[in-house]
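Inside the fold
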Amino acid sequence: MDRRKFIQQSCSLCVAVGAGMVVGSLSSCSVLPTYKTSIANNKVTVPVALFTQGNFQLIQPKNLYYNIGLKKEADGTYTALLLKCTHADNQLTPAGNSGYKCTLHGSTFNMDGKVTAGPAERPLKKYTTEVISDQIIIHLS
Ligand code: FES
């Protein structure tokens, strides 16, 4: 094989591997609906319009260490859970429709915040919510 042909084949292989890595990383990437906001008067306000295309939003208040999982229920109410593991305070990760998981020691919680696998034993903290006009108010106290 001459030098020119070797370089052409090597470059083709690099492009193919690189394209495969990009496609692979994109297919494993799930985009979670996330709303960044802040806390005012111990409340977090979220637009109802965010739920036109799904029943879940991850809320990231910038002055709160933990995220909040906000789910629209079938009856039109909203469930807001603090995504803080009740075992040792690790940030929880949404696990699709099954609930939330803790990557530190493996606890899992369902979408209502109940423990489905330990070592955690207590449910997640649930916040009171109300809808006023076109806003969902999450009361943090
Ligand atoms: S901190 Fe979550 S299981 Fe231990």
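For the structure itself, consult the block above.
By convention here, each chain's residues receive numbers from 1 onward along its written sequence. Only residues with pLDDT of at least 70 are given local features in this predicted model, and only at 80 or more are side-chain atom pairs given and counted; all residues enter the totals for whole chains, interfaces and linings. Only hydrogens and water are removed before side-chain values are computed, so all heavy atoms of the structure are retained for them.

A closer look at the environment of threonine 45
Condition: Secondary structure elements follow DSSP: runs of H or I no shorter than four residues count as helices, runs of E no shorter than two count as strands, and numbering proceeds from the N terminus. Exposure categories follow from relative accessible area, calculated using a 1.4 Å probe and restricted to protein chains: below 20% of the type maximum is buried, above 50% is exposed, and the middle band is partly exposed. Contacts are assigned to residue pairs with any non-hydrogen atoms lying within 4.5 Å of each other.
Mapped onto the secondary structure, threonine 45 falls in strand S2 (residues 43-47). The exposure class assigned to threonine 45 is partly exposed, which follows from its relative accessible area of 31%. For threonine 45, the residues in contact, after removing those within four places along its chain, are Tyr35, Thr37, Gln135, Ile136 and Ile137.

Considering the sheet that holds strand S6 (residues 93-94)
The criterion, for reference: Strand pairing is assigned whenever DSSP detects at least two bridges linking the two strands.
Strand order in the open sheet made by the 4 strands is S6-S7-S8-S9, with antiparallel pairing throughout. The strands lining the two open edges of the sheet, one partner per strand, are S6 and strand S9 (115-117). In the sheet, strand S8 (residues 108-109) pairs with S9 via 2 bridges, with the strands oriented antiparallel. Bridging from a neighbouring strand, phenylalanine 109 pairs with valine 115 of S9.

None of this, on its own, says anything about what the molecule does.
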